[in-house]
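# Inside the fold
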Amino acid sequence: MQALFEKMKANRRLAIAVIVAGTLLFMLASASRQGAGGSALVELFSSLCMVVGVVMQFLGLAALLKGPRR
């Protein structure tokens, strides 16, 4: 994970792609959770995917804020 963070700090496009992927994952997991229909397994998996999506967004934003090392 540290290697990915270092790559994102050096490559802004990768960081933006990770933010977009995290947002899409969060949205899809949220929609999946809404449509689960009471299935505990689907709701659990959707919640886990939502957490992963938020973590991806946070890592991408942190990499953009840090900027590359010089």
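Residues numbered from 1 in each chain as written. Predicted model: local features only at pLDDT ≥ 70, side-chain atom pairs only at ≥ 80, totals over all residues. Heavy atoms only, no water.

Summarising the model, the chain shows a mean pLDDT of 91, and 97% of its residues fall at 70 or more. Averaged pLDDT values over the elements of the chain bottom out at 89 in helix α1 (residues 2-10) and peak at 95 in helix α2 (residues 12-34). (pLDDT = per-residue confidence, 0-100. Helix = DSSP H or I, 4+ residues; strand = E, 2+ residues; numbered from the N terminus.)

Our next topic: the packing of α1 against helix α3 (residues 40-66). In the contact formed by α1 and α3, the axes pass within 8 Å of each other and the chain directions differ by 50°. Relative to α3, the element α1 lies oblique. In this structure, α1 meets α3 at a crossing whose hand is right-handed. Across from F5, M8 and K9 in α1, the residues of α3 making contact are L59, G60, A62, A63 and K66. Its residues assigned to classes, the contact of α1 with α3 comprises 5 nonpolar, 1 polar and 2 charged. (Axes fitted to C-alpha atoms, helices over the stretch in contact; angles between N-to-C directions. Parallel < 35°, antiparallel > 145°, perpendicular 65-115°, else oblique. Left-handed = near helix turned anticlockwise from the far one by under 90°. Contact = heavy atoms within 4.5 Å. Nonpolar A, V, L, I, M, F, W, Y, C, P; charged D, E, K, R; others polar.)

Another aspect to go through is the pattern of salt bridges. Side chains carrying opposite charge are able to pair once their charged atoms draw close together. Following the criterion strictly, the structure yields 1 salt bridge and no others. Residue E6 is joined to K9 by a salt bridge in which the shortest nitrogen-to-oxygen separation is 3.8 Å. Of this pair, E6 and K9 both sit in helix α1, separated by 3 residues, roughly a single helical turn. The class for K9 is buried, based on a relative accessible area of 8%. (Salt bridge = Lys/Arg side-chain N within 4 Å of Asp/Glu carboxyl O. Buried < 20%, exposed > 50% of the residue type's maximum accessible area, 1.4 Å probe, protein only.)

Before going further, it helps to examine the nonpolar core. F5, M8, A15, V18, L59, A62 and A63 form the largest nonpolar core, which has 7 residues in total. At 3 residues, α3 tops the list of elements feeding residues into this core. In this view, V18 contacts M8 and M56; residues no more than four positions away in its chain are not counted. (Core = buried A, V, L, I, M, F, W, Y, C linked by side-chain atoms within 4.5 Å.)

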